[in-house]
Amino acid sequence: MDPALSDDLDRLPELLQAARDFAVQEVSGLDNRPVARLGKAPAPDPLPDGGAGTEGALARFADRWAPGFSGSAGPRYLGFVTGGATPASLAGDWLTSAYDQNVSGAAGSFASALEHETLGWLRELFGLGEEHHGAFVSGATVSNTVGLAVAREWLGERRGVSVTDDGVGALGPVDVLSGSPHSSVTKALSVLGLGRGSLRRVPVLPGNREAVDVERLDAALDALDGRPAVVVANAGTVNTVDFDDLRAVAALRERHDFWLHVDAAFGGFAALSPEFSSLVAGLDEADSVCVDLHKWLNVPYDAAVQFTRRRDLQVRVFHNASPYLGLPGGDPDFLHLTPENSRRLRALPAWFSLAAYGREGHREIVERNVALARRLGERIARAPGLRLLAPVRLNVVCFTLADDPTERRVHSLADAVGASGEAFVTPTCYDGTHGLRAAFSNWRTSEADTDRVFAAVERHCAEPRL
Ligand SMILES: *Cc1c(COP(=O)(O)O)cnc(C)c1O
């Protein structure tokens, strides 16, 4: 054994303790460290010939890299839709690595059964019924890709061809209809060979909305003359957190033949609160559903789930068995359900967080985040230098400069806020106007944090150099 490796083996408990102590120091400093790092990263070092051991590696990491890592796990990082890691999920994540299980199959370990238990809990949390089967994937992009892959196979079934055997060319032209799809849907269509061009935008409702106009969707489906299609409904758009009327969209299946995929990456969490659950009423009627977990469940990257009612089609697409053995039956191993073969036990952090805080604990995070978004929204609405671009519907505040919101000025404001170290918000463009998004999804964020975010934005929007 290499001497550095053998020394590490002898000192394993002590080294893990050192890593734990370092993590504790970093996590407890989250409130005070700069929220984003905008400086220049160190140039790459040459590959070491002889190793420094874990202790040496930790010292080098602490010196060269740690100071440049962002506080994205902390309470005032409101870029994208980020979330953090609850204490229990962090513990679960550590144990995932410590056990290093491969959950491609169920043989030899209870780990797959734990994934199934967790999927059952999540299905209940999001109000889905027993007919929905789930699997863990790395994020909502992959979850959307899996859902649309099953949709593609369903289209083949309707048209009497097998896409899994004969390829996407056998399918002929495909129509994917959606109001305000996330960019990952277009990416998924590219990966799946359906083509980015297969996406057809259906007009959204008038009056500052991002939800699909169901009548226009009805008309677009009518125009297909009975050709089966795919509809991607959106439950929580990234700019203004608008929701398609899922019940009304699903009801169109009485007259039209389509697969209904719902991207509920973070909007799915509306189901946790009695106050907001009507926003996702009808989610259970979807043929496939995408929900991210590294966002609003506050588990570490990377984790999402995908659910579908047609596990048979999913196995047709993703099975990894010798053709002469036939398709896996019964309860197929996870390697037959997603693009991956070997897989990390991503379920364990989610299992820990749900076991530790339950439905109530996670409901509280969702409701508090929404209350804080409203608080920030109210302050912005009253601030002379700022204005809201849309009402605060759930957990995202979309706003801009009151005067002359050019791309340059809005980006400068985002940069200035980031450089202050106080907060991190991301630029966007909504309805033709440049603006900023502040997305609340971190379990730690408090009223005091929200007021600090507002103060940072307000201070910098008054700067002459903008
Ligand atoms: C974040 C997001 C995605 C993509 O999720 P990743 O986890 O980054 O792959 C897809 N759809 C919506 C609505 C999202 O908010």
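Residues numbered from 1 in each chain as written. Predicted model: local features only at pLDDT ≥ 70, side-chain atom pairs only at ≥ 80, totals over all residues. Heavy atoms only, no water.

In the nomenclature of an unreviewed UniProt entry, the protein chain corresponds to Aspartate aminotransferase family protein from the organism Streptomyces triticiradicis. Turning to the protein chain, the UniProt record has this under Cofactor (unreviewed entry): "pyridoxal 5'-phosphate". The UniProt entry for the protein chain carries this comment under Sequence similarities (unreviewed entry): "Belongs to the group II decarboxylase family." (UniProt positions renumbered as here; feature names shortened; annotations may be inferred.)

1. Topic: the overall build of the protein chain
On a plain count of helices and strands, the protein chain comes out with 14 helices and 11 strands. Radius of gyration (C-alpha) of the protein chain: 24 Å, near the 23 Å computed for a compact globule of 466 residues. Considered along the principal axes of its C-alpha atoms, the protein chain spans approximately 65 × 60 × 45 Å. Burial statistics for the protein chain: of 466 residues in total, 50% are counted as buried. The long-range fraction of contacts in the protein chain, counting pairs at least 24 apart against all pairs at least 6 apart in sequence, stands at 72%. A gap of 5 Å separates the mean positions of the 46 positive and 61 negative side-chain charges of the protein chain. (Helix = DSSP H or I, 4+ residues; strand = E, 2+ residues; numbered from the N terminus. Rg over C-alpha atoms; globule rule 2.2 N^0.38 Å. Buried < 20%, exposed > 50% of the residue type's maximum accessible area, 1.4 Å probe, protein only. Contact = heavy atoms within 4.5 Å. Lys, Arg positive; Asp, Glu negative; His and termini not counted. Charge placed at Lys NZ, Arg CZ, Asp CG, Glu CD.)

2. Considerations on the packing of helix α2 (residues 12-28) against helix α3 (residues 53-64)
In contact at an axis separation of 10 Å, α2 and α3 are set at 15 degrees when each is read in the N-to-C sense. Here α2 is positioned roughly parallel relative to α3, judged by the angle of their axes. The interaxial crossing formed by α2 with α3 has left-handed handedness. Seen from α2, the contacting residues are Leu15, Ala18, Ala19 and Phe22; seen from α3, they are Thr54, Glu55, Leu58, Phe61 and Ala62. (Axes fitted to C-alpha atoms, helices over the stretch in contact; angles between N-to-C directions. Parallel < 35°, antiparallel > 145°, perpendicular 65-115°, else oblique. Left-handed = near helix turned anticlockwise from the far one by under 90°.)

3. Concerning the site of the ligand
The environment of the ligand is made up of 14 residues, and the closest members are Thr141, Asp263, Asp292, His294 and Lys295. For the ligand, whose free accessible area comes to 380 Å², the fraction covered by protein is 83%. When atom positions are compared with the pocket grids, the ligand is found to occupy the second largest pocket. Counting residues per element, the shell around the ligand draws most heavily on helix α6 (residues 140-159), at three residues. For the shell around the ligand, the class distribution of residues is four nonpolar, seven polar and three charged. (Near = heavy atom within 4 Å. Areas by Shrake-Rupley, 256 points an atom, 1.4 Å probe, with all protein chains shown as cover. 1 Å grid on protein atoms, 1.4 Å probe; cavity = no way out; pocket = protein on both sides within 12 Å on 5 of 7 lines; lining within 4 Å. Sits in = over half its atoms within 2 Å of the grid points. Nonpolar A, V, L, I, M, F, W, Y, C, P; charged D, E, K, R; others polar.)

4. Some points on the domain arrangement of the protein chain
In terms of domain boundaries, the protein chain breaks down into domain 1 (3-71), domain 2 (101-343) and domain 3 (354-461). The distance between the C-alpha centroids of domain 1 and domain 2 comes to 38 Å. (Domains from an automatic or database assignment.)

5. Digging into the packing of helix α12 (residues 347-382) against helix α14 (residues 447-461)
Axis separation between α12 and α14 bottoms out at 10 Å; the angle between their running directions is 30 degrees. In this structure, the crossing between α12 and α14 has a hand that is right-handed. Along its contact with α12, which presents Leu372, Arg375, Leu376, Arg379 and Ile380, the element α14 presents Glu447, Thr450, Asp451, Val453 and Phe454. A per-class count over the contact of α12 with α14 returns five nonpolar, one polar and four charged.

6. Here's the deal with the pairing of strand β4 (residues 229-234)
Counting buried positions over the six residues of β4 gives six, a clear majority of the element. Here β4 shows no split at all, with Ala229, Val231 and Ala233 on one side and Val230, Val232 and Asn234 on the other all buried. In this sheet, β4 lies alongside strand β2 (residues 176-178) in parallel orientation, the contact comprising three bridges. Each bridged residue has a counterpart across the sheet, and for Val176 the counterpart in β4 is Val230. The pairing of β4 with strand β5 (residues 258-263) spans six bridges and is parallel. Of the residues in β5, the one forming a bridge with Val230 is Trp259. Note on the crossover from β4 through helix α10 (residues 246-251) to β5: the handedness is right-handed. (Pairing = 2+ DSSP bridges. Right-handed = clockwise from strand over helix to strand, strands pointing away.)

7. Considerations on the side chain of Ser288
Tracing the backbone shows Ser288 in strand β6 (residues 288-292). Owing to a relative accessible area of 0%, Ser288 belongs among the buried residues under this scheme. Excluding its chain neighbours within four sequence positions, the residues that come into contact with Ser288 are Gly147, Trp259, Leu260, His261, Val262, Phe307 and Thr308.

8. Brief notes about the sheet that holds strand β8 (residues 386-388)
The strand order across the open sheet built from four strands is β8-β9-β11-β10, with neighbouring strands paired in antiparallel fashion. The open sheet is flanked by β8 and β10 (426-430), the only strands paired with a single partner. The mean inter-strand angle of the sheet, taken between neighbouring strand axes irrespective of direction, is 45 degrees. Pairing geometry for β8 and strand β9 (residues 396-401), over three bridges, is antiparallel. For Arg387, the partnering residue across the bridge sits in β9 and is Thr400. Along the sheet face, helix α13 (residues 407-420) touches β9, β10 and β11 (433-439) and points at about 20 degrees away from the line of β11.

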